[in-house]
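Below, each chain spelled out in residue letters.
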Amino acid sequence: MPSSPVDTCILVVDDDRANRLVLEKRLGKHGYQIETAPSGDEAMKLLEEAWGDPRRKAPDVVVLDIMMPGIDGYEVLRRIRKKKSSHELPVIMATARDSSEDVVAALQDGANDYVTKPIDVGVLLARMQTHLALRDAHLALRNAQQTLIRAARRESIGFLAAGMAHEIRNPFAQIRMGLDSLGKNEAIKDDERAVETLARLDTALDRADEVVRKVMQFSAAEQLDLKPHDLPPLIDSILATMKSGMDSAGIRLETDFARDLPEVLLDHEEFPIALNNVLRNAVQAMPDGGTLTVRVEPQTLEAVPDAGAGRSGTHLRVGEEVVAIVVEDSGPGFPHGRLDAIFEPFFTTKPPGESTGLGLTVARNLVELHGGMLTAENRSPEAGLRVTIYLKSPDSFRTSV
Ligand SMILES: Nc1ncnc2c1ncn2[C@@H]1O[C@H](COP(=O)(O)OP(=O)(O)OP(=O)(O)O)[C@@H](O)[C@H]1O
Ligand SMILES: [Mg+2]
């Protein structure tokens, strides 16, 4: 983000009070925030305090006099460079005219630039702006590089997981055949312990198979086939598959689909997996009955919650037109701390052997691949969890792609 003067803090270090006042006044006139220090010690104290306090704005650039009593400008520069590189904190030295050795020494010690005294404020401003722009470009480049590294890592892990899952499926199939044929073996049929062991192996294999299936879902969906679809029939068809489970648990279903819903772009094979995982969690959260509410409505996105407050990564922005699928249950909600934990792979609070803890990880990945966002929040004052899938409205999709 380019620095604007009001967001930019300049630290002026000079033992001469008149020099400090002139710079403070003239740079201040351009809208910059100015801090001043009358000595090298004071400058270091001010910088250390600002760096140690995340709520405080630290200087973005330092204008540093060389000749000062106590620690001089060179020493201040060396101390600054132990903590901040020239990309992070530009330092501009103020030197006496005609002292080229000073300039060379300072540049070798990590100064970004120099101005000669008496300082021409126009020149100082131009040099400062250049170095701030360079710093911002450097930061942007570093951020982009980190994003790329994360994406590459995620892709290679996905690739590895998919490869492993494929490899594991064949031996699993052979073990399954072996177990089946052992189960039919007359000699074993009468051995109670052997039959029990076989049943346990069968259950363990089911579970391992389920993990492999979900890992494959997670990594296979990189290429989606996005087409416009009507959400209500799709949601109804998923709910229909859950009807008998809901009836036997005593769960009441309420649906409310807005009339003016636009079609949304989704992959007809993959998206239902995400929705199914969210709905299944809601049903599982109410073993003794309750109410499951599913609403679908067009919205203008009002807020993007903090990452720690239970949302997936997202490219959606406040003010964007979205379609929200809101799933609410009347279960216990999630009282176990940070809500975004529920999206973590293998995180589960359900009994061992029953769940893989991959349901919402898969859902999150799929929703993100659709360009959407998944959020979870505890309902209040009612009990229960509200999970919302936001999908881009087709119009907003067209303008941003
Ligand atoms: N509607 C909900 N109410 C309360 N807690 C929930 C709800 N949905 C998810 N959770 C919590 O989030 C955890 C992770 O959910 P996720 O769907 O990823 O895995 P799971 O349901 O445990 O296992 P799987 O979906 O793989 O069978 C759950 O174990 C539960 O603690
Ligand atoms: Mg689940």
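Scoring rules and cut-offs
Residues numbered from 1 in each chain as written. Chains lettered and ligands numbered in written order. Predicted model: local features only at pLDDT ≥ 70, side-chain atom pairs only at ≥ 80, totals over all residues. Heavy atoms only, no water. Helix = DSSP H or I, 4+ residues; strand = E, 2+ residues; numbered from the N terminus. Rg over C-alpha atoms; globule rule 2.2 N^0.38 Å. Buried < 20%, exposed > 50% of the residue type's maximum accessible area, 1.4 Å probe, protein only. Contact = heavy atoms within 4.5 Å. Areas by Shrake-Rupley, 256 points an atom, 1.4 Å probe, with all protein chains shown as cover. Pairing = 2+ DSSP bridges. Axes fitted to C-alpha atoms, helices over the stretch in contact; angles between N-to-C directions. Left-handed = near helix turned anticlockwise from the far one by under 90°. Expected span 1.5 Å × (residues − 1). Arc of directions from axis to C-beta. Polar contact = N/O pair within 3.5 Å; in protein donor to acceptor, adjacent residues only side chain to side chain. Near = heavy atom within 4 Å. Nonpolar A, V, L, I, M, F, W, Y, C, P; charged D, E, K, R; others polar. Parallel < 35°, antiparallel > 145°, perpendicular 65-115°, else oblique.

Draft legend 1. Local environment of the overall build of the protein. In terms of helices and strands, the protein carries eleven helices and twelve strands. Rg of the C-alpha trace for the protein: 31 Å, well past the compact-globule value of 21 Å for 401 residues, more than 25% over. For the protein, the spread of C-alpha atoms along the principal axes amounts to about 100 × 55 × 40 Å. Within the span of the protein, comprising 401 residues, buried residues form 40% of the whole. Pairs at least 24 residues apart make up 71% of the contacts formed inside the protein by residues separated by at least 6 positions. When the accessible surface of the protein is totalled, it reaches about 22,200 Å², and 54% of it is carbon and sulfur.

Draft legend 2. Focus on the sheet that holds strand 4 (residues 91-96). Pairing is parallel across the open sheet formed by five strands, whose spatial order is 2-1-3-4-5. Edge positions in the sheet fall to strand 2 (33-37) and strand 5 (113-117), since each of these pairs with one other strand and no more. Ignoring which end each strand starts from, the neighbouring axes of this sheet average 20 degrees apart. Where strand 1 (residues 9-13) and strand 2 come together, five bridges link them in parallel fashion. Across the sheet, Val 13 pairs through a bridge with Ala 37, a residue of strand 2.

Draft legend 3. Just the packing of helix 9 (residues 271-284) against helix 10 (residues 359-369), in detail. The geometry of helix 9 relative to helix 10 is characterised by a closest axis approach of 8 Å and an angle of 145 degrees between their N-to-C directions. Handedness of the crossing formed by helix 9 with helix 10: left-handed. Judged by residue contacts, Ile 273, Ala 274, Asn 277, Val 278 and Asn 281 of helix 9 engage Gly 359, Leu 360, Val 362, Ala 363, Leu 366 and Val 367 from helix 10.

Draft legend 4. Looking closely at helix 1 (residues 17-29). For helix 1, spanning 13 residues, the distance from its first C-alpha to its last is 18 Å, which sits close to the expected 18 Å at 1.5 Å a residue. Arg 20, Leu 23 and Leu 27 are the residues of helix 1 that are buried. One side of helix 1 carries all its buried residues, which in axial view fall inside an arc of 70 degrees. Opposite the buried face of helix 1, by more than 90 degrees, sit the exposed residues Arg 17, Lys 25 and Lys 29. The N-cap of helix 1, judged by a side-chain oxygen 2.9 Å from the amide nitrogen of Ala 18 a few residues on, is Asp 16. Of the residues one or two after helix 1, Gly 31 is the one with positive phi, at around 95 degrees.

Draft legend 5. Looking closely at the site of ligand 1. The local shell around ligand 1 holds 21 residues, among which Asp 329, Thr 348, Thr 349, Lys 350 and Thr 356 are the closest. Taking Asp 329, its side chain carries an N or O atom lying 2.7 Å from a nitrogen atom of ligand 1. Separating an oxygen atom of ligand 1 from a backbone N or O atom of Leu 360 is a distance of 2.8 Å. For ligand 1, whose unbound accessible area comes to 600 Å², protein coverage reaches 95%. Looking at the shell around ligand 1, the elements with two or more residues in it are helix 9 and helix 10. The element that contributes the greatest number of residues to the shell around ligand 1 is helix 9, accounting for four residues. A per-class count over the shell around ligand 1 returns eight nonpolar, nine polar and four charged.

Draft legend 6. Representation of the packing of helix 8 (residues 231-249) against helix 9 in the model. Close contact between helix 8 and helix 9 brings their axes to 10 Å; oriented N to C, the two are set at 40 degrees. Classified by the angle between their axes, helix 8 and helix 9 sit oblique to one another. In this structure, the crossing between helix 8 and helix 9 has a hand that is right-handed. For the pair helix 8 and helix 9, the contacting residues are Leu 231, Leu 234, Ile 235, Ile 238, Leu 239, Met 242 and Met 246 in the first and Phe 271, Pro 272, Leu 275, Asn 276, Leu 279, Arg 280 and Val 283 in the second. In terms of residue class, the contact of helix 8 with helix 9 is built from twelve nonpolar, one polar and one charged.

Draft legend 7. Quick peek at the environment of Leu 369. Structurally, the position occupied by Leu 369 is in helix 10. Along the sequence, Leu 369 and Asp 267 sit 102 residues apart, while their C-alpha atoms lie 9.9 Å from each other.

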